[in-house]
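Structural description and commentary
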Number of protein chains: 2
Amino acid sequence: MKTDLITSSFENYLNSLLNDFEDLKIGDVADYIPELTKVDPDFFGISIVTVEGQVYQAGDRLNEFTIQSISKPFVYGIALEENGIDQVIRKVDVEPSGEAFNEISLEDDTGRPRNPMINAGAIATTGLVPGMNSKIKVQNILDKFNIYAGHSLEIDTEVYKSESSTGHRNRAIAYLLRNSNILDRDPEPILDAYFQQCSILVNCRDLALMGATLANNGVHPITGMRAVKEEYVSKVLSVMTSSGMYDYSGAWLFEVGMPAKSGVSGGVLAVLPGQLALAVYSPRLDHKGNSVRGLAVCKKISNDFGLHMLRTTAVSESSVIRNIYDATKVRSKHFRRREEIKELDNKGSEIKVIELSGELRFTTSDIVTSNVLNNIADTRFIIIDFAKVSSIDKAAINILFQLFNTLMLKNITVLLTKTENKFNFLKQLKLEYDNENSGKLKRFANIDEALEYCENIILDSYSDKSAQNIIAIEDNDLFTDFEADEIEMFKKYLTTASYKKDEIIISKGDNADKMYFIISGQVKVSLTKNKTSDKHLAILSAGSSFGELAIIEKRKDRSAYVIADSEVQCAILNFNELEKDNNLTTKVLTLKLVSNISRMLFERLNRSNEILNLLS
Amino acid sequence: MKTDLITSSFENYLNSLLNDFEDLKIGDVADYIPELTKVDPDFFGISIVTVEGQVYQAGDRLNEFTIQSISKPFVYGIALEENGIDQVIRKVDVEPSGEAFNEISLEDDTGRPRNPMINAGAIATTGLVPGMNSKIKVQNILDKFNIYAGHSLEIDTEVYKSESSTGHRNRAIAYLLRNSNILDRDPEPILDAYFQQCSILVNCRDLALMGATLANNGVHPITGMRAVKEEYVSKVLSVMTSSGMYDYSGAWLFEVGMPAKSGVSGGVLAVLPGQLALAVYSPRLDHKGNSVRGLAVCKKISNDFGLHMLRTTAVSESSVIRNIYDATKVRSKHFRRREEIKELDNKGSEIKVIELSGELRFTTSDIVTSNVLNNIADTRFIIIDFAKVSSIDKAAINILFQLFNTLMLKNITVLLTKTENKFNFLKQLKLEYDNENSGKLKRFANIDEALEYCENIILDSYSDKSAQNIIAIEDNDLFTDFEADEIEMFKKYLTTASYKKDEIIISKGDNADKMYFIISGQVKVSLTKNKTSDKHLAILSAGSSFGELAIIEKRKDRSAYVIADSEVQCAILNFNELEKDNNLTTKVLTLKLVSNISRMLFERLNRSNEILNLLS
């Protein structure tokens, strides 16, 4: 429902175009195929489809018409896929002919058609579609076109028969191609397939979806099905750019700036790679064979929305470097004891984090490289996060791998996070680094795990503590300012307990009546009791405490699970009992503990706010 | 120093290309200008310059040579700027000729050259450069070229003289153009300027910088100077695409996929819009007049790095929607009292925040539209943040404005933040919304201020409290669970104080020995005492407290300033005195207060961590 709002507002714009150009009645309906003259010359429809699958339409957008020459680029894609570029180029060149749409334009010496967008080149292209007879060829073409359109298309048999019985010029071309061996077998089945291909029925929306599939790198934006291999998409768009609008191609590129193809039935299809396709249907043609209103509408939309493909905006650093910081500022969710925090405050700058975003291509990955290399003084670890990266092209992979090599040569460990779904990148990564370098190049699920890994190495290197250490209650951060006799007195309120790995120590919803001090082992704070979930809120180890809510607001329920992450030993404070002892000494000790808890919370709050400031 | 690392690694790649193609000695140095034959045919240089101004080079990149035909697109840009598109098109068409580089290719009826990249078109273009005589024309051309290159270029007078004295064919062309009135005055000064224009000396680096200026929308990537208006850049690149490589343009687009221009002295310049330019210099030419090694190197680099301009990657939501949330999750830095927090917990979903990033164009702003419209149920305010937006093109402006109108029609207030430096966007915004709609469309410096504005409206609407209210100490959040007699007892530790607007209440570095409870007015917590700084850490008003560090850790120094943001009245707790009273009742009350402080810190910590989880 909500999407209707904007749809209607953009469709209002498209409707206003119908209105603006309604009286544009210059030109004539194509008459070289008798069947085409039967159309209502006033038909007028516009469709725009984005690579996100958003469809905008106005006018007679569902009237069907035969696709005619707009079939050519799509069949060219089939020929490329089935034969490879070299084989196709040997039969059809890719130069604009500089001549009108109905010129034959064969190369003097070889008889090779100048490009696949003129009839001669298109017939040769249809010859390259698999199939010994017309029926199989047509089925192969239809199968592909159905993927491009997202549903089953049909052939207008009247138009097909009309084209077949009156297509003398195309027949002549086919025999000229046979004569020069561009067609190396009987041209009749090829011609028959060509006439049928031109007679496939589409509407404006179909055309726009077919174009949007090219704009979307060959994948249909709604069905998600691939119609043509990515490597051939730019080739198809290239011939549309140089020759798609016949001898108007240069002016079209200059004025409209999108790869395009027109057909004599009055369709025009324009593709803005990576963004959208625009289809217009209006049967009256100019003397170059292009739809008069089609051209006018495309020019107007391109101009109103600045859609010229060569009118690009330069990338900026902010679009690719989402955040850059080090571990003095941002830490893993492994809560550290005070002395460990001090160590990480000193050494955290050895761990750098760079969060990337958007599209990684030549220039943006070049920006990443400069940024990283300007920030590696005294660095041992670089965490590079790909969570918000939407695409990584070939150039970017190449440049990033050079960067990784440079870093590893400097003895810096490179930790890549959130790289899943970056398929080509990972494939290449596997090829390049599966061998000797892999020790210095690591992958982690997310920044938090990568940070924890690096922190653990730094803490192991700089301190004697191992994770399995026992930290007695008097060495707990919350008791460091207690005198020995105070500790002794306090111990009567404490009990001890042991937990096995994966045992649930606190459940969500429990009464908050106890506070825990970890003597040995490690626990995980999490919103679910799912053992394998990586979405923990915190990790705590010996010398830390949890459950302080018991003291602050004991009526409240627990808001998370605390689960033993190893064998765990805890000292447990039952706050109810502590509270019952209404004497001065107990109150002084309790006040001391609560003040220490406040201080811990204050420090954590400061750190959280620092990170927030940094990240926003 | 650090940038050298990657430079050398990318330049290693470029050097390997020199090596790969060193033995490619096919072709001949141009001989139609005698002076050109004197060059060493083995010269070989490569330069790449990105729109960020990064320069990569290899080989004889500083050897100078005359620019020849590569001058044509740049002079065409001058002609467009000085005459407008219509006037220029009347004199020179933009269709590929389909013919060889030395063909004359004039239109049959009008005598108009087919495009500005062939000699006939280029001479006509030079005719359109301002200047009645050759000297002024050349100065105008040099002035522009100097901006493109970023330094002063010179003319090789030997080559100029050689061209001038042997350029019979070009002289013939000029007189044919004069005959058909394409040149409407004496062709000799124009020819003379043309010969000089072709004799401008450049090196490979200069060419790449000139190309990078086009790639960067007409602005030199290092000097930041504009060489050509943005609106003409896509036009220049269009003629380079359709005709820049003579009758090899179609194949070049198919294989390399970048607007390009070659010259007979052996230079090739290719431009990837929005990203980079690539220049190769090697004098041996093929029979189409293009540098043999130049073509080979461009093909190889385009293929290795996937630089074909039609090989784009589709955008994704993650590249444009940085964050989306509402005010139940993220709040302004105005600390609210418990009852206000409750109100905002209930009503915060009426305030939506959407943070945009990257390049806003047709498709990406279409994604923004869908996202916003799918999130407006029960919404009164939408804050749209542009902090991380790197560019907004015409299409995006158009689509965003439609979105704003749709929202305002639904009675939703639209708050735009961080729009500074988005010049065209703001200009258009001013034009569209300066009138009746402005009440529903607002601009704020940042998200925080916009959030505070919306929160204040919601709190005014739903509660009776005004900002000027007096909140007695017993109604302060930290004393709500104190009994009346407890409050009375506690009051003896409190003093009151008044502050004028802008008075400093706490200075950074002060001893933390007092805690403050605001009775009336509002204070700002900030890292600087600069009154006008917007970078405050928090705003606090009546009923809130600050300086709790005094109780938690009184030995510490204050870490920020607290400044009166209005007339302010506070109750002040001197913690030293409270501590001295070593009796049970005082300890119990202190414990109650400290527990309440802990709870406040705990709640703030939870909120901060929730926001952190949300934003990362």
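The structure reproduced in this document is the subject of the present report. (Residues numbered from 1 in each chain as written. Chains lettered and ligands numbered in written order. Predicted model: local features only at pLDDT ≥ 70, side-chain atom pairs only at ≥ 80, totals over all residues. Heavy atoms only, no water.)

Regarding the sheet that holds strand E12 (residues 351-360) of chain A
Residues and elements named next belong to chain A. The following threshold applies: Here, strands pair whenever DSSP counts at least two bridges between them. Helix and strand assignments come from DSSP, with helices taken as H or I runs of at least 4 residues and strands as E runs of at least 2, each series counted from the N terminus. Each axis is a line fitted through C-alpha atoms, taken for helices only over the stretch in contact, and angles between the N-to-C directions span 0 to 180 degrees.
Spatially, 5 strands are ordered E10-E12-E13-E14-E15 in an open sheet, and the strand pairing comes out mixed. Looking at the sheet topology across the chains shown, the edges are occupied by strand E10 (321-326) and strand E15 (441-444). Along the sheet, successive strands turn relative to each other by an average axial angle of 20°, direction set aside. For E12 and strand E13 (residues 381-392), the ladder comprises 9 bridges, and the chain directions are parallel.

Points about helix H13 (residues 338-347) of chain A
An α-helical segment advances 3.6 residues per turn. Residues three or four places apart therefore align on the same side. All names here are of chain A. Our working rule: The buried label goes to any residue with under 20% of its type's maximum accessible area, the exposed label to any with over 50%, and the partly exposed label to all in between, with areas taken from a 1.4 Å probe on protein chains only. The reported arc concerns the directions from the helix axis to the C-beta atoms and nothing else.
Turning to H13, its buried residues are Glu340, Glu343 and Leu344. Around the axis of H13, the buried residues are gathered within 95° of arc, so they sit on the same side. Residues of H13 that are exposed and point over 90 degrees away from its buried face: Lys342 and Asn346.

Examining the relation of the copies chain A and chain B
So the rule is basically this: When the copies are overlaid, the least-squares fit takes in C-alpha atoms only where the residue has pLDDT of at least 70 in both copies. For this analysis, residues touch if any pair of their heavy atoms sits within 4.5 Å.
Overlay of chain A on chain B (RMSD 0.1 Å): rotation 180°, translation along the axis 0.0 Å. What we have between these two chains is a two-fold relation. Mapped onto chain B, 99% of the interface residues of chain A again fall at the interface, so both copies present the same surface.

Section: the nonpolar core
Applicable threshold: By nonpolar core we mean a set of buried residues, namely Ala, Val, Leu, Ile, Met, Phe, Trp, Tyr and Cys, connected to one another through side-chain atoms within 4.5 Å.
Ranked by size, the top nonpolar core spans 173 residues in total, and within it Ile301(A) and Ile301(B) carry the most contacts. Apart from residues lying up to four places away in sequence, Ile301(A) is in contact with Tyr13(A), Leu14(A), Leu17(A), Ile46(A), Ile48(A), Leu278(A), Gly306(A) and Leu307(A).

Considering the sheet that holds strand E2 (residues 45-50) of chain A
All names here are of chain A. Sheet architecture is open: 5 strands sit in the order E3-E2-E8-E7-E6, paired in antiparallel fashion. Looking at strand neighbours, the two that pair on one side only are strand E3 (55-59) and strand E6 (260-262), the edges of this open sheet. Going from strand to strand, the sheet's axes swing by 10° on average, the running direction of each strand aside. Where strand E7 (residues 267-272) and strand E8 (residues 276-281) come together, 6 bridges link them in antiparallel fashion. By the bridge assignment for E8, Ala270 is matched with Leu278. Sitting on the sheet, helix H12 (residues 292-305) is in contact with E2, E7 and E8, with an inclination near 145° to E8.

Observations concerning the interface of chain A and chain B
Applied cut-off: Accessible surface is computed with a 1.4 Å probe, and the buried area is the amount of it that two parts give up when combined, taken over both parts together. By salt bridge we mean one thing: a side-chain nitrogen of Lys or Arg within 4 Å of a carboxyl oxygen of Asp or Glu. Polar contacts here mean pairs of N or O atoms no more than 3.5 Å apart (in protein, one a potential hydrogen donor and the other a potential acceptor; neighbouring residues in sequence count only if both atoms are side-chain atoms).
Facing 118 residues of chain A, the contacting portion of chain B comprises 118 residues. Summing both partners gives a buried area of about 10400 Å² for chain A against chain B, and 60% of it is carried by carbon and sulfur. Sorting the residues of chain A by area buried against chain B places Phe254(A), Leu310(A) and Phe362(A) first, and these three jointly supply 8% of that buried surface. Taken together, chain A and chain B are joined by 2 salt bridges. Here Glu359(B) makes a salt bridge to Arg361(A), at a shortest N to O gap of 3.4 Å. The tally of links between chain A and chain B comes to 29 residue pairs in polar contact (both at pLDDT 80 or more).

Considerations on the pattern of salt bridges
Scanning the entire structure with this criterion turns up 49 salt bridges over all chains. Residue Glu548(A) is joined to Arg604(A) by a salt bridge in which the shortest nitrogen-to-oxygen separation is 4.0 Å. Taken together, the positions of Glu548(A) in the loop between strand E21 (545-546) and helix H19 (549-552) and Arg604(A) in helix H21 (residues 584-615) put the pair 56 residues apart, joining distant regions of the chain. Taken together, the shared-partner salt bridges connect Glu359(A), Arg361(A), Glu359(B) and Arg361(B) into one network.

Quick notes on helix H5 (residues 134-149) of chain B
Residues and elements named next belong to chain B. As a reminder of what qualifies: To estimate how far a helix should reach, multiply one less than its number of residues by 1.5 Å.
Given a rise of 1.5 Å per residue, 16 residues ought to cover 22 Å, and the 22 Å separating the end C-alpha atoms of H5 matches this to within 8%. Within H5 the residues assigned to the buried category are Ser134, Lys137, Val138, Ile141, Leu142, Lys144, Phe145, Asn146, Tyr148 and Ala149. You can read the cap of H5 off the contacts: a side-chain oxygen lies 3.1 Å from the backbone nitrogen of Lys135, and it is on Asn133. The first or second residue beyond H5 is Gly150, which carries a positive phi of 90°.

As for unusual backbone geometry
With phi around 60°, Asn217(A) is a residue other than glycine that occupies positive phi space. Owing to a relative accessible area of 11%, Asn217(A) belongs among the buried residues under this scheme. The backbone phi angle of Tyr246(B) is positive, close to 55°, even though this residue is not glycine. Within the secondary structure, Tyr246(B) sits in the loop between helix H10 (230-243) and helix H11 (249-255). Accessibility expressed as a relative area gives 7% for Tyr246(B), which makes it buried.

Section: the packing of aromatic side chains
Using the following cut-off: Centres within 6.5 Å are what make two rings of Phe, Tyr or Trp a pair, Trp counting through its six-membered ring; a difference in plane orientation under 30 degrees is then read as stacked, over 60 as edge-to-face, and the rest as tilted. Whether a charge lies above a ring is judged from NZ of Lys or CZ of Arg, which has to be within 6 Å of the ring centre and within 35 degrees of the ring normal.
Applying the stated criterion to the full structure yields 34 aromatic pairs over all chains. Measuring from ring centre to ring centre gives 4.8 Å for Tyr516(B) and Phe546(B), while their planes differ by 5°; the resulting arrangement is stacked. One end of the pair, Tyr516(B), is in strand E16 (residues 514-520); the other, Phe546(B), is in strand E19 (residues 545-546), and 30 residues separate them in sequence. Just as Tyr516(B) is buried, Phe546(B) falls in that class too. The ring of Phe254(A) carries Lys235(B) above its face, with NZ or CZ at 5.1 Å from the centroid. A cation over a ring is seen here: Arg293(B) above Phe44(B), with NZ or CZ 4.6 Å from the ring centre.

Details of the environment of Arg185(A)
Within the element layout of this structure, Arg185(A) appears in the loop between helix H7 (168-179) and helix H8 (187-198). Considered as a pair, Arg185(A) and Leu605(A) are 420 residues apart in the sequence and their alpha carbons are 80 Å apart.

Focus on the pairing of strand E6 (residues 267-272) of chain B
The two faces of the sheet receive side chains in turn, since in a regular strand these alternate between them. Residues and elements named next belong to chain B. Counting buried residues in E6 gives 6 out of 6 residues, a clear majority hidden from the surface. Of the two faces of E6, the one carrying Gly267, Leu269 and Val271 and the one carrying Val268, Ala270 and Leu272 are both buried. Relative to E6, strand E5 (residues 260-262) runs antiparallel, the two sharing 3 bridges. Note that in E6 the partner of Lys261 across the bridge is Leu269. What sits between the antiparallel neighbours E5 and E6 is a turn of 4 residues, in which Gly266 has the positive phi angle 110°. Hairpin geometry of E6 and strand E7 (residues 276-281) is characterised by an intervening segment of 3 residues between the two adjacent antiparallel strands and by a positive phi of about 80° at Gly274.

Here's the deal with empty space enclosed by the protein
As a reminder, the rule being used: Here a cavity is any set of points on a 1 Å grid over the protein atoms alone where a 1.4 Å probe fits but cannot get out, and a pocket is any open set with protein on both sides within 12 Å along at least 5 of 7 lines; a residue lines the site when it has an atom within 4 Å of a point. Grid points are joined across faces, edges and corners, and a volume is the space filled by probe spheres set on the points. In this classification, Asp, Glu, Lys and Arg are treated as charged, Ala, Val, Leu, Ile, Met, Phe, Trp, Tyr, Cys and Pro as nonpolar, and every other residue, Gly included, as polar.
In this structure the tally under the stated criterion is 10 cavities of 30 Å³ or more. Of the voids in this model, the largest cavity is the one considered here, and its volume is about 590 Å³. As for the largest cavity, its lining consists of 30 residues, of which Pro273(A), Met309(A), Thr312(A), Met309(B) and Thr312(B) are closest to the centre. Of the residues assigned to the lining of the largest cavity, the class counts are 10 nonpolar, 12 polar and 8 charged.

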